Amino acid sequence: MIRLGYACIRLDSPNNPNKKTTVAQLQKLSPEARLKKLRQVLQTNFFNLMDIFAYNVENRIFLYRLPSEFVPLATHRITEDWDWAKEFTWDFDKAGAYMKKHRIRLTSHPGHYSILNTDNPNVLKSTIADFSYHARVFDLMGLDDNSVLVTHVGGVYNDKEASLQRFAEHFELLPENVKRRLVVENDDTSFSMIDVLTLCEQIGIPMVLDVHHHDCLNNGEDLYEYIPRILDTWGTRTPKFHFSSPKCESDFRSHADHIDPERFMEWVSRLSDYSFDVMLECKNKDDALLTLRREMKKAGFSPEGL
């Protein structure tokens, strides 16, 4: 049994939980007006989040990635006097209760500028702050450890082994609530499935296998031989994979609008002995998910059990 999910926005709706403001806009406002603006943005994001949850439940979609900017400028010094967690306690509780009732799994993918294996102390500090913000949102919602924060290893810095070791060392600096949620994904240019699997086994955290990234970066390994080891990193938690299709042969690394149903069904059928979640990373978001379902149904294939 699998569950499919999509990232951040519902394609045909302008009401998504990713509304934001900018530092430049806030700096033009008085302190009182600034707080009012921040509160309006976060309240709108909560309204939109509950709407997208209702849509997802109606369409039997129980995996969803929260936009990173859900709380506007949460880690910027311009909001340091705003106690958003206290002010929106009721909203966090309501969202968490709804997810528990409908067994929705919420995950996040902190920003590309958050690099744990950085050799720059200032970047490390901001990375820890960003990870801590994401973990705090999930903690405030009362979510279990299946609500994970997905990150990449980071940069190579001309020495892959040293960069992997620096990730492991910096991992130990993270707060405990971040450590228990952080998971690592293989990427398409620098750190392969083997690199990330070895790292995750070393520091004892789950690995998210991105199938498309593996197709882009590998050393000829048979992916399926490593699936049991990857699943073992999750322990008792539900494993999570990422899946997308290449845009075209000449732009292989870019994500296509939709999922290639034949490739997806071939991949899933070889994992039929396992239960896991799959985040579809394609341009057409929920529409791509629903389209894939229809294609699988036509083929008499129903791995979600719907």
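For the structure, see preceding data.
The rules we used
Residues numbered from 1 in each chain as written. Predicted model: local features only at pLDDT ≥ 70, side-chain atom pairs only at ≥ 80, totals over all residues. Heavy atoms only, no water. Helix = DSSP H or I, 4+ residues; strand = E, 2+ residues; numbered from the N terminus. Buried < 20%, exposed > 50% of the residue type's maximum accessible area, 1.4 Å probe, protein only. Areas by Shrake-Rupley, 256 points an atom, 1.4 Å probe, with all protein chains shown as cover. Lys, Arg positive; Asp, Glu negative; His and termini not counted. Charge placed at Lys NZ, Arg CZ, Asp CG, Glu CD. Contact = heavy atoms within 4.5 Å. Core = buried A, V, L, I, M, F, W, Y, C linked by side-chain atoms within 4.5 Å. Salt bridge = Lys/Arg side-chain N within 4 Å of Asp/Glu carboxyl O. Expected span 1.5 Å × (residues − 1). Axes fitted to C-alpha atoms, helices over the stretch in contact; angles between N-to-C directions. Parallel < 35°, antiparallel > 145°, perpendicular 65-115°, else oblique. Left-handed = near helix turned anticlockwise from the far one by under 90°. Nonpolar A, V, L, I, M, F, W, Y, C, P; charged D, E, K, R; others polar.

## Here we look at the overall build of the protein chain
Per the secondary structure count, the protein chain includes 12 helices and eight strands. When the backbone C-alpha atoms are referred to their principal axes, the protein chain occupies close to 60 × 45 × 40 Å. When the 306 residues of the protein chain are sorted by exposure, 52% land in the buried category. Here the protein chain displays about 14500 Å² of accessible surface, and carbon together with sulfur accounts for 48% of that area. Taking the average place of the 38 positive charges on the side chains of the protein chain and the average place of its 45 negative ones, the gap between the two points comes to 7 Å.

## Observations concerning the environment of Val-150
Following the sequence through the fold, Val-150 ends up in strand 4 (residues 149-152). With a relative accessible area of 1%, Val-150 lands in the buried category. Once residues lying within four places of it in the same chain are set aside, the contact partners of Val-150 are Ser-108, His-109, Pro-110, Val-183, Glu-185, Val-208, Lys-240 and His-242.

## Section: the nonpolar core
Residues Phe-53, Trp-84, Phe-264, Trp-267 and Leu-280 are the most contacted members of the largest nonpolar core, which totals 85 residues. With nine residues, helix 2 (residues 31-58) is the single largest residue contributor to this core. Core analysis: the second largest hydrophobic core is formed by five residues, Val-148, Val-183, Val-208 and Trp-234 among them.

## Some thoughts on the pattern of salt bridges
In total, this model carries 17 salt bridges according to the counting rule given. Asp-139 serves as the salt-bridge partner of Arg-180, at 2.9 Å between the closest nitrogen and oxygen. One end of the pair, Arg-180, is in the loop between helix 7 (176-179) and strand 5 (182-185); the other, Asp-139, is in helix 5 (residues 121-140), and 41 residues separate them in sequence. Residue classification places Asp-139 among the partly exposed positions, given a relative accessible area of 29%.

## Brief notes about helix 2
Along its 28 residues, helix 2 runs 41 Å from first to last C-alpha, staying within 8% of the 40 Å computed at 1.5 Å per residue. One or two steps after helix 2, the chain reaches Arg-60, where phi turns positive at roughly 55°.

## Digging into the packing of helix 8 (residues 193-203) against helix 10 (residues 223-232)
At a closest axis distance of 11 Å, the pairing of helix 8 and helix 10 adopts a crossing angle of 15°. Between helix 8 and helix 10, the angle is such that the two are roughly parallel. The handedness of the crossing between helix 8 and helix 10 is left-handed. Every residue of helix 10 that contacts helix 8 at Met-193, Ile-194, Leu-197 and Glu-201 is listed here: Leu-223, Tyr-226, Arg-229 and Ile-230. Broken down by class, the residue content of the contact of helix 8 with helix 10 amounts to six nonpolar, no polar and two charged.

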